[in-house]
Amino acid sequence: MNVRPGRWNSILDVAGIQVGNAEDRRVRTGVTVVLPEQPVVGAVDVRGGAPGTCETEVLDPLNTVNEVHAVVLSGGSAFGLDGAGAVRNRLAARGIGFRVADAVVPIVPAAILFDLGNGGVKDWEEEPPYRRLALEAVAAAGSALVLGSTGAGAGARAGSVAGGLGSASAVCPVSGCTVAALVAVNSVGEPGFPDGRTLLAWYLEQEGEMGGQAVPSGPIPLELRIKRTAAAGANTTIGVVATDAPLMKVQAKRMAVMAHDGLAVAIRPIHTPWDGDTMFALATGRQTLEVTPALLTRLGALAADCTARAVARGILAADGHGSTPSWRERAVAGGSG
């Protein structure tokens, strides 16, 4: 029995999950909203040294609330957190949320990446675009998922090339459960070998999803390659892994932890003092089966693999912007030099 990608090879393969994207090309930024059809179990794991998040503590397995109504991934650094408030208000108006007495409070965790230095026009004064973009993303939920320079990946950079939004999925042949990842890549680290033609996650390619990666020309030198000046909080890779398995909150936490290993496969270095790397985990519970430690191990391993594949697909689909070339452009030009 072999693991295969789902029908769409994206997070949309997890039943009950929708995604909406919105971008502002002038600003070179965007927002991605993951919108479950029903409340889901959620967890998070933060590994980067400079994160920007909201409502992550509520996802701790020790804490009371056990449902999530949306997750927001945004560009804009701290300004992008405005998007979570806009989504929260929109869901509350629809009567969606955690019920406390007569109140409805949507649980909308969020994470942001830094794209303020990518050459886009950031002249918004007291009206950053993230509330508007978040509501546009909510309205777009249910549409086909476009990868690359879309949503939270619209203005991203990954080392010396353009970053982007990527996704990948896998169906566990043992349990029938689907696992998928959605990642906005904006890392200090590089996603590829020094030869500029092979991505680090090349060996995980499924069914030609990375365009048929070439075998690396040789091993990577151990010295780090950081092509641009790094600064605290000025980078960050953020994402969501999801499954239709009926995970408990603590099990979802373990899947989020394991998903970070996919980032370590696909980006080097990762989890640096300058990155705010954050991975959420969502479980829709559409499958009815017991999640044993053995099954959770399988699902977590698939989450890591899907995360690495999603990073690669996001890089391959991204467009260059400003002085930052796309991976495709640099490969045509003869590699990284």
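Residues numbered from 1 in each chain as written. Predicted model: local features only at pLDDT ≥ 70, side-chain atom pairs only at ≥ 80, totals over all residues. Heavy atoms only, no water.

> Which residues make up the packing of aromatic side chains, and what values do they have?
Considering all chains together, one arrives at three aromatic pairs under this definition. Ring geometry for Trp124 against Tyr130: centres 5.8 Å apart, planes inclined by 80°, an arrangement best described as edge-to-face. On the basis of relative accessibility, which here comes to 0%, the residue Tyr130 falls in the buried class. Ring plane angle 80° and centroid distance 6.3 Å describe the contact between Trp202 and Tyr203, whose orientation is recorded as edge-to-face. (Phe/Tyr/Trp six-rings, centres within 6.5 Å; stacked < 30°, edge-to-face > 60°. Buried < 20%, exposed > 50% of the residue type's maximum accessible area, 1.4 Å probe, protein only.)

> Pulling in residues and values, what's your account of the pattern of salt bridges?
Close approach of charged atoms allows side chains of opposite charge to pair. Applying the stated criterion across every chain yields a total of 12 salt bridges. Asp45 is the partner of Arg47 in a salt bridge, and the nearest nitrogen-oxygen pair spans 2.6 Å. Given a relative accessible area of 38%, Arg47 falls into the partly exposed group. The exposure class of Asp45 is buried, given its relative accessible area of 7%. As a salt-bridge pair, Arg309 and Glu209 come within 2.7 Å of each other at their nearest N and O atoms. Of this pair, Arg309 sits in helix α4 (residues 293–317) while Glu209 sits in the loop between β12 (178–184) and β13 (238–243), and the two are 100 residues apart along the sequence. (Salt bridge = Lys/Arg side-chain N within 4 Å of Asp/Glu carboxyl O. Helix = DSSP H or I, 4+ residues; strand = E, 2+ residues; numbered from the N terminus.)

> Describe the side chain of Thr32, and please don't skip the residues or the numbers.
Along the chain, the position of Thr32 falls in strand β2 (residues 29–36). Take Thr32: its relative accessible area is 0%, and that puts it in the buried class. A distance of 2.6 Å separates the side chain of Thr32 from the side chain of Asn21, its partner in a polar contact. (Polar contact = N/O pair within 3.5 Å; in protein donor to acceptor, adjacent residues only side chain to side chain.)

> Tell me about the packing of helix α3 (residues 249–266) against α4, and name the residues and values.
Direction vectors running N to C along α3 and α4 enclose 40°, while the axes themselves pass 7 Å from each other. Comparing their axes, α4 and α3 come out oblique. The way α3 lies across α4 gives a crossing that is right-handed. Residues Gln251, Arg254, Met255, Met258, Ala259, Asp261, Gly262, Leu263, Val265 and Ala266 of α3 form the contact with α4, whose own contacting residues are Leu296, Thr297, Leu299, Gly300, Ala301, Ala303, Ala304, Thr307, Ala308 and Val311. The residue inventory of the contact of α3 with α4, partitioned by class, reads 13 nonpolar, five polar and two charged. (Axes fitted to C-alpha atoms, helices over the stretch in contact; angles between N-to-C directions. Parallel < 35°, antiparallel > 145°, perpendicular 65-115°, else oblique. Left-handed = near helix turned anticlockwise from the far one by under 90°. Contact = heavy atoms within 4.5 Å. Nonpolar A, V, L, I, M, F, W, Y, C, P; charged D, E, K, R; others polar.)

> Tell me about the sheet that holds strand β11 (residues 165–171), residues and numbers included.
Across the sheet, five strands lie side by side as β3-β14-β13-β12-β11; this open sheet has mixed pairing. Two strands lie at the open edges of the sheet, namely β3 (41–46) and β11, each paired on one side alone. Across the sheet, the mean angle from the axis of one strand to that of its neighbour is 15°, orientation sign disregarded. Bridge analysis of β13 against strand β14 (residues 278–283) gives six bridges, and the strand direction is parallel. From the neighbouring strand, Thr243 faces β14, where its bridge partner is Ala283. Docked against the sheet, α3 engages β3, β12, β13 and β14, running at close to 40° with respect to β3. Most of the contacts of α4 go to β11, to which it runs at about 145°, and overall it touches β11, β12, β13 and β14. (Pairing = 2+ DSSP bridges.)

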